[in-house]
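Coordinates in review
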Amino acid sequence: MTTTDPIVHLTHLDTLESEAIHVMREVAAELERPVLLFSGGKDSIVLLRLAEKAFRPGRFPFPLMHVDTGHNFPEAIEFRDRRVAELGERLVIASVQESIDKGRVVEETGPRASRNRLQTTTLLDAMAEHGFDAAIGGARRDEERSRAKERIFSFRDDFGQWNPRAQRPELWNLYNGRIRKGEQVRVFPISNWTELDVWQYVAREQLELPGIYFSHRREVFERDGMLYAASDFVARYPHEETFEESVRFRTVGDMSCTGGVRSTASTIEDVVREIAATRVTERGETRADDRVSEAAMEDRKRVGYF
């Protein structure tokens, strides 16, 4: 570099983006049949942009897959299908309803019923059926305490189970992707990002998101301090009356366990300011499945969850 060359200053987002792109390319180089999990949620939308930067103008070296509970927000499914069509990539849909129909899992009933926990069997069956040896997901360490134990390359045994004591060191951004036959890897390129980082990246890249991430009027009911969208998928107790509220959703999952927050944030910039001021994680505030016990997420991950 000469004294006349401009000095390039990398931002915090530049560094995170570079790391994530490096991880994706490592997966493509080291694993034989990876797949990228895409639900139409904000984190997986960011993963798609990172995959574009890592591999375009060529096609992605992996298909996309959605573990579909059948109880999703319609806005997220519409966005998922439209975005996949725009990219011209292949989408594999692993259906929880099919798992129920085949007797692989048993559907829960009652107001507390959820298909969220049933996703584990559907995911593992799909991995086996298609021969996928790595699943790239949008989990982040700031979401929940068990996520903080996770490596970027998270290894799973022949049964898809996670043992936090058996994870490999990741010194100097070196990732060991060697696996034995039957083993799998979950890979989290944005593991070191925060929710605020994700939204700031969405703002910088001007990424489109489903409308449920922004303030809108919706019929809801309140349970355990959370606002659930009124839906045929969620049974209510007799005392749980619906009402209209201005809400948005910080995370998008199965409608039976995902709550909204009261909000007037209608633009990306509004949401960035709102997230910067909050002190509660998105899963801690709006995911009922993580409130079952202090180790709820870790228990699910040990048997094969994302």
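Just above sits the structure.
All values reported here derive from a predicted model rather than from experimental measurement.

Conventions used here
Residues numbered from 1 in each chain as written. Predicted model: local features only at pLDDT ≥ 70, side-chain atom pairs only at ≥ 80, totals over all residues. Heavy atoms only, no water. Helix = DSSP H or I, 4+ residues; strand = E, 2+ residues; numbered from the N terminus. Expected span 1.5 Å × (residues − 1). Buried < 20%, exposed > 50% of the residue type's maximum accessible area, 1.4 Å probe, protein only. Contact = heavy atoms within 4.5 Å. Pairing = 2+ DSSP bridges. Axes fitted to C-alpha atoms, helices over the stretch in contact; angles between N-to-C directions. Salt bridge = Lys/Arg side-chain N within 4 Å of Asp/Glu carboxyl O.

Compared with the 27 Å implied by 1.5 Å per residue over 19 residues, the 27 Å span of helix H1 (residues 12-30) between its first and last C-alpha is a close match. For H1, every residue scored as buried is listed here: Leu13, Leu16, Glu17, Glu19, Ala20, Ile21, Val23, Met24 and Val27. In this structure, the buried residues of H1 make contact with strand S1 (34-37), helix H2 (42-55), strand S4 (134-136), strand S5 (153-156), strand S6 (184-187) and helix H6 (195-205).

Spatial ordering of the open sheet is given by S3-S2-S1-S4-S6-S5, a layout of six strands whose pairing is mixed. In the strand order of this sheet, the two ends are held by strand S3 (91-95) and S5, each with one partner. When strand polarity is set aside, the average angle formed by the axes of neighbouring strands in this sheet is 30 degrees. One ladder, built from two bridges, connects S1 with strand S2 (residues 64-68); its direction is parallel. Of the residues in S2, the one forming a bridge with leucine 37 is methionine 65. Across the sheet, H2 lies against S1, S2 and S4, angled at about 135 degrees from S1, the strand it touches most.

The next thing to look at is the pattern of salt bridges. On inspection of all chains with the given rule, the structure shows 31 salt bridges. A salt bridge links arginine 117 to glutamate 108, with the nearest nitrogen and oxygen atoms 2.8 Å apart. Within this structure, Asp14, Glu17, Arg49, Glu52, Lys53, Glu78, Arg82, Arg83, Glu86, Arg204, Glu205 and Glu208 form a network of salt bridges that share partners.

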